[in-house]
Amino acid sequence: MPEQTPAPSSAPALLDAQGRRIVYLRLSLTDRCNFRCSYCSPAGIETHEDPLERSEVARLARIFGGLGIRRVRLTGGEPTLRRDLLDLVRDVSAAPGIEEIALTTNGHLLASLARPLREAGVTRLNVSLDTLDPEKLRRIAGRAATLDRIVSGIEAAYAAGFASVKLNVVVVRGENDGELGDLARFAWRFGATARFIELMPFGPGAPVPTAEVKRLLEGQGLRLEPDATRGWGPAYHMRGTSTDRGRPVSGLVGFIGAMTESFCDSCNRVRVGADGSLRACLGGRERLGLKELLRGGASDEEIAQAIRAALLGKRERHDLAHSRGKLLPMIGTGG
Ligand code: SAM
Ligand code: SF4
């Protein structure tokens, strides 16, 4: 099912410095991961052994819900490594104001977790998969990454009946740019949508601009037409048609042009990283130490005020192109 822009909420609007309405929280539950994707987890990156505890996550969800946040995406690191994940999902979904819980995973543990996650309250699932070639997958994501396991996870997600399943594909030049059409068709087999994400410069690898991704898809057997389906944030879609194993097929294809398109104009999100700090912008260095506030005796209202103030410092757009090496990589911020 396509994502819809949220209806106006009765909660007071949480606005950033540019007047953008912030309704979407990306909450990183850990910066530990069982994979080692080079673009996300550069060698030498340190992990925190002290992520937010269950009660702290639940309290934050209530505070953000009261501020007008409607959707929470649980991310990481790899969120399925949290042993208390299902309890966390239940707590967040019980927070007043929170209408949807989404989760992003590398799929390694998804085969057994898909149904429990759905039952606990996750409605939308993103599974990251950059290639259908088992060897290449290991090269990109490390030795633990096993294609069969991820595909079983995607099958389990399909069977569990999520409102939406997306396949996140980071496009890396010379690595997976020859199989983008195959990945789109693969996603459609499971009622999923492949989303092609421009590589952001946290590690090695060369990006492929979204305009070129579209040309590649057309060269790899997809006819693309405009489609009005919008995501909640900067992602947008086109309708693709093709043939798969001799049969006509069609479905949506998503694009996140983080580096070359107007990604920031429709930004509606705020992030809490694995270190418990709020980042108004993925590409900004400013952070608000929410964990310190939570543990230092601040009241809910004081924390809410601090969040509002941090968002009023949010810049108009990211400066990722000039920030290589100066920012916390994705494994810490949650993407
Ligand atoms: N471990 C989970 C996973 O891989 O889906 C969730 C965390 S991961 C940081 C969230 C998303 O960020 C993934 O889809 C991943 O592919 C994407 N990502 C990581 N590093 C990136 C980069 N440098 N550029 C673009 N996307 C990136
Ligand atoms: Fe782990 Fe996800 Fe980052 Fe890959 S993209 S290293 S799976 S957190």
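Keep in mind that this is a model prediction, so the values were computed, not measured.

K.L.:
Please explain the overall build of the protein as it appears in this structure.
P.N.:
The secondary structure content of the protein amounts to 10 helices and 12 strands. Every one of the 335 residues in the protein was classed for burial, and the buried ones make up 58%. The long-range share in the protein, meaning contacts at least 24 apart out of those at least 6 apart in sequence, stands at 74%.

K.L.:
Sorry if this is basic, but what is going on with the site of ligand 1 here?
P.N.:
Taken together, 19 residues sit near ligand 1, with Gly-77, Glu-78, Ser-128, Asn-168 and Met-200 positioned nearest. Measuring from a nitrogen atom of ligand 1, one finds a side-chain N or O atom of Glu-78 at 3.0 Å. One of the backbone nitrogen or oxygen atoms of Met-200 is found 2.8 Å away from a nitrogen atom of ligand 1. Its free accessible area being 550 Å², ligand 1 has 95% of it covered by the protein chains. At the level of secondary structure, the elements contributing two or more residues to the shell around ligand 1 comprise β3 (100-105), β5 (164-171) and β6 (193-198). Of the residues that constitute the shell around ligand 1, the class distribution is eight nonpolar, nine polar and two charged.

K.L.:
For this particular structure, what's the right way to read the packing of helix α3 (residues 110-120) against helix α5 (residues 147-160)?
P.N.:
Think of two packed helices as two axes; the pair is described by the angle between the axes and how far apart they sit. Relative to each other, α3 and α5 sit at 20°, their axes nearing to 7 Å. What the angle tells us is that α3 and α5 run roughly parallel. The way α3 lies across α5 gives a crossing that is right-handed. Contacts between α3 and α5 involve Leu-110, Ala-111, Ala-114, Arg-115 and Arg-118 from the former and Ser-152, Gly-153, Ile-154, Ala-156, Ala-157, Ala-159 and Ala-160 from the latter. Split into classes, the residues belonging to the contact of α3 with α5 amount to eight nonpolar, two polar and two charged.

K.L.:
What am I meant to see in the site of ligand 2 here?
P.N.:
Surrounding ligand 2, one finds Cys-33, Phe-35, Cys-37, Cys-40, Ser-41, Gly-77 and Asn-106. Here the residues of the shell around ligand 2 are counted per class, giving four nonpolar, three polar and no charged.

K.L.:
Just checking my understanding: could you explain the environment of Arg-173 for this structure?
P.N.:
Position of Arg-173 relative to the elements: it lies in the loop between β5 and α6 (180-189). Spatially, the C-alpha atom of Arg-173 lies 9.3 Å from that of Leu-199, the residues being 26 residues apart in sequence. Those residues in contact with Arg-173 that sit more than four places away from it in its chain are Ala-206, Pro-207, Val-208, Pro-209 and Glu-212.

K.L.:
What is the right way to look at α3 in this model?
P.N.:
Quick reminder: α-helices carry 3.6 residues per turn. Residues three or four places apart thus point the same way. Buried within α3 we find Leu-110, Leu-113, Ala-114, Leu-117 and Ala-120. Here the buried residues of α3 occupy an arc of 140° about the axis, which is enough to place them on one side. Exposed residues pointing more than 90 degrees away from the buried face of α3 are listed as Ser-112 and Glu-119. Taken together, the buried residues of α3 touch α2 (85-94), β3, β4 (124-128) and α5. Just past α3, the residue Gly-121 takes up positive phi, approximately 130°.

Cut-offs and rules
- Residues numbered from 1 in each chain as written.
- Chains lettered and ligands numbered in written order.
- Predicted model: local features only at pLDDT ≥ 70, side-chain atom pairs only at ≥ 80, totals over all residues.
- Heavy atoms only, no water.
- Helix = DSSP H or I, 4+ residues; strand = E, 2+ residues; numbered from the N terminus.
- Buried < 20%, exposed > 50% of the residue type's maximum accessible area, 1.4 Å probe, protein only.
- Contact = heavy atoms within 4.5 Å.
- Near = heavy atom within 4 Å.
- Polar contact = N/O pair within 3.5 Å; in protein donor to acceptor, adjacent residues only side chain to side chain.
- Areas by Shrake-Rupley, 256 points an atom, 1.4 Å probe, with all protein chains shown as cover.
- Nonpolar A, V, L, I, M, F, W, Y, C, P; charged D, E, K, R; others polar.
- Axes fitted to C-alpha atoms, helices over the stretch in contact; angles between N-to-C directions.
- Parallel < 35°, antiparallel > 145°, perpendicular 65-115°, else oblique.
- Left-handed = near helix turned anticlockwise from the far one by under 90°.
- Arc of directions from axis to C-beta.

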